[in-house]
Amino acid sequence: MNLNDCIQYLKEHDGYLLVTHIRPDGDTLGSAAALCHILRRMGKTAYVYDNPQTTETYAVYTKPYIAPPGFVPACVVGIDLASERLYPNGFDADTPFDLCIDHHPTNTGYAARLFCQPDKASCGELILQIAQNLDLLDADVASLLYIAVSTDCGCFVYGNTKADTHRAAADLIEAGADYKYLNVLLFRQFSYSRLKLEGMIYSSMRQYAEGIVNVATVTLDMMEESGATEDDCDDLASLAGRVKGSLISATIRQLGEKECKISLRSGEMFDCSAVCALHGGGGHRMASGCTIYEDPETAREIIVREILEAL
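Residues numbered from 1 in each chain as written. Predicted model: local features only at pLDDT ≥ 70, side-chain atom pairs only at ≥ 80, totals over all residues. Heavy atoms only, no water.

Novice: Which parts of the structure should I look at to understand the pattern of salt bridges?
Specialist: Side-chain pairs of opposite charge can arise where the charged atoms are in close proximity. Here the structure, examined in full by the defined rule, presents 8 salt bridges. Close ionic contact of lysine 120 with aspartate 164 constitutes a salt bridge, the shortest N to O distance being 3.3 Å. Here the residue lysine 120 occupies a position in the loop between strand 5 (114-116) and helix 4 (124-133), and aspartate 164 occupies one in helix 6 (residues 163-174), the gap between them amounting to 44 residues. A residue is classified by how much of its surface remains accessible, and lysine 120, at 15% relative accessible area, is buried. With a relative accessible area of 36%, aspartate 164 lands in the partly exposed category. Arginine 253 is paired through a salt bridge with glutamate 230; the nearest N and O atoms lie 2.4 Å apart. Taken together, the positions of arginine 253 in strand 8 (residues 248-256) and glutamate 230 in the loop between helix 9 (220-226) and strand 8 put the pair 23 residues apart, joining distant regions of the chain. (Salt bridge = Lys/Arg side-chain N within 4 Å of Asp/Glu carboxyl O. Helix = DSSP H or I, 4+ residues; strand = E, 2+ residues; numbered from the N terminus. Buried < 20%, exposed > 50% of the residue type's maximum accessible area, 1.4 Å probe, protein only.)

Novice: Sorry if this is basic, but what is going on with the pairing of strand 8 here?
Specialist: Strand residues, when the strand is regular, have side chains that alternate between the two faces of the sheet. In terms of burial, strand 8 is a largely internal element, 8 of the 9 residues being buried. In this sheet, strand 8 lies alongside strand 7 (residues 213-218) in parallel orientation, the contact comprising 6 bridges. Following the sheet pairing, asparagine 214 is matched in strand 8 by serine 249. Pairing of strand 8 with strand 9 (residues 259-266) involves 8 bridges; the strand directions are antiparallel. What sits directly across from isoleucine 252, in strand 9, is isoleucine 262. (Pairing = 2+ DSSP bridges.)

Novice: What am I meant to see in the packing of aromatic side chains here?
Specialist: Counted under the stated rule, the structure contains 9 aromatic pairs. Centre to centre, the rings of phenylalanine 97 and tyrosine 110 are 5.2 Å apart; their planes meet at 90°, and the pair counts as edge-to-face. Of this pair, phenylalanine 97 sits in the loop between strand 3 (75-79) and strand 4 (99-102) while tyrosine 110 is found in the loop between strand 4 and strand 5, placing the two residues 13 residues apart along the sequence. For the pair formed by phenylalanine 97 and tyrosine 110, the shared burial category is buried. (Phe/Tyr/Trp six-rings, centres within 6.5 Å; stacked < 30°, edge-to-face > 60°.)

Novice: Mind showing me how you'd approach the sheet that holds strand 1 (residues 16-19) here?
Specialist: Across the sheet, 5 strands lie side by side as 2-1-3-4-5; this open sheet has parallel pairing. Two strands lie at the open edges of the sheet, namely strand 2 (46-48) and strand 5, each paired on one side alone. On average, each strand axis in the sheet is inclined to that of its neighbour by 20°, with strand direction left out of account. Here 3 bridges tie strand 4 to strand 5, and the two strands are oriented parallel to one another. Each residue of the ladder has a partner; that of isoleucine 101, found in strand 5, is phenylalanine 115. Across the sheet, helix 1 (residues 3-12) touches strand 1, strand 3, strand 4 and strand 5, and the angle it forms with strand 4 is around 135°. Strands strand 1, strand 2, strand 3 and strand 4 of the sheet are contacted by helix 2 (residues 26-41), whose axis makes an angle of about 165° with strand 2. (Axes fitted to C-alpha atoms, helices over the stretch in contact; angles between N-to-C directions. Contact = heavy atoms within 4.5 Å.)

Novice: Explain the state of the cysteines here, please?
Specialist: Here a disulfide denotes a covalent bond joining the sulfur atom of one cysteine to the sulfur atom of another. Using the criterion set out here, one finds 0 disulfides in the structure. Looking at cysteine 153, it has no disulfide partner, and the nearest cysteine sulfur is the one in cysteine 155, 7.1 Å off. We classify cysteine 153 as buried; its relative accessible area is 0%. Residue cysteine 290 stays outside any disulfide, its sulfur separated by 4.0 Å from that of cysteine 276, the closest cysteine. (Disulfide = S-S within 2.5 Å.)

Novice: Help me out: how do you make sense of the environment of glycine 154 in this one?
Specialist: With respect to the element layout, glycine 154 can be found in the loop between helix 5 (139-152) and helix 6. Through-space distance from the C-alpha of glycine 154 to that of aspartate 138 is 24 Å; in sequence the pair is 16 residues apart.

Novice: Sorry, what's going on with helix 7 (residues 179-188) here?
Specialist: In an α-helix there are 3.6 residues to a turn, and that puts residues three or four apart on one side. Looking only at helix 7, the buried set comprises Leu182, Asn183 and Leu186. Within helix 7, the buried residues cover an arc of 100° as seen down the axis, which keeps them to one side. The outward face of helix 7, more than 90 degrees from its buried face, is lined by the exposed residues Lys180 and Arg188. Structurally, helix 7 contributes buried residues whose contacts are with helix 3 (56-62) and helix 5. (Arc of directions from axis to C-beta.)

Novice: I tried to follow the environment of serine 31 on my own but got confused; where do I start?
Specialist: Structurally, serine 31 can be placed in helix 2. The class for serine 31 is buried, based on a relative accessible area of 0%. For the pair serine 31 and histidine 103, spaced 72 residues apart in the sequence, the C-alpha separation amounts to 12 Å. If we ignore the near neighbours within four places in the chain, the residues touching serine 31 are Gly26, Ile79, Cys123, Gly124, Ile127, Leu145 and Ala148.

Novice: I tried to follow the packing of helix 5 against helix 6 on my own but got confused; where do I start?
Specialist: When two helices pack together, their arrangement is given by the angle between their axes and by how far apart the axes lie. Put simply, helix 5 and helix 6 touch, their axes get as near as 9 Å, and they point 155° apart. Relative to helix 6, the element helix 5 lies roughly antiparallel. Handedness of the crossing formed by helix 5 with helix 6: left-handed. Contacts from Ala142, Leu145, Tyr146 and Val149 in helix 5 reach Thr165, Ala169, Leu172 and Ile173 in helix 6. Among the residues forming the contact of helix 5 with helix 6, the class breakdown is 7 nonpolar, 1 polar and no charged. (Parallel < 35°, antiparallel > 145°, perpendicular 65-115°, else oblique. Left-handed = near helix turned anticlockwise from the far one by under 90°. Nonpolar A, V, L, I, M, F, W, Y, C, P; charged D, E, K, R; others polar.)

Structural measurements only, silent on function.
Right under this line is the structure:
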């Protein structure tokens, strides 16, 4: 589908449930809430799936749109949801998707219809195009989409940031996005527990290949000792890449005794998605993720070996 096809579909249908991905970030949540707001202004019935992993930072923005118990949708739409393995906790895996709006080149095509623009830094930029074409870009939508766009490009410093990303941000600011407050909330001020956790991460970081590969590990013990919660874990994947001279970074986050989420980041010279695909993961060339079902030390050995082999 192209943009016009997607807009036409949204006009012709009703009874929407917008579904975000597991461990939801600002892009999936901001985009879903913004589209829900747009659909309601179009006179549609629309809700966002109550993702149980939504952190306190974002819950205030999604709360007005959460589906009530017992809601039966006529159209299920995946938002920034690239594959079946990323369905949120508690969601019925047998539910058919009527539409997916996404920006991941690794989208598996699980939905009956797909509107995907892999050249965009965020899914929020696709929702912005919908809002602009329908002339429904108000201040509420702008703030929600500023969350989506800014978080997925690391406040406009990640390698996926392009001229179009800045143009999108400018459009959102002009439309009334509360960008000053959101920049402080999302990127400038952190809890004491988060800062303690960052200190532990930096202290335990390891380097390989003469410093061009940097690996950070976040264990359950570190989370407990620092007092950090899920609300303190946004954008941990960016920390290892801050080392001067780093070209490839990996963040290993322990989720269980033998379960680790792997987040890879790189420059254009390295394909993170190819490495993550070895474990059934995916994403973008310069930012991708997967899960390795091992303890953190073993997971580190595996992912480092695969990175070095790919190099």
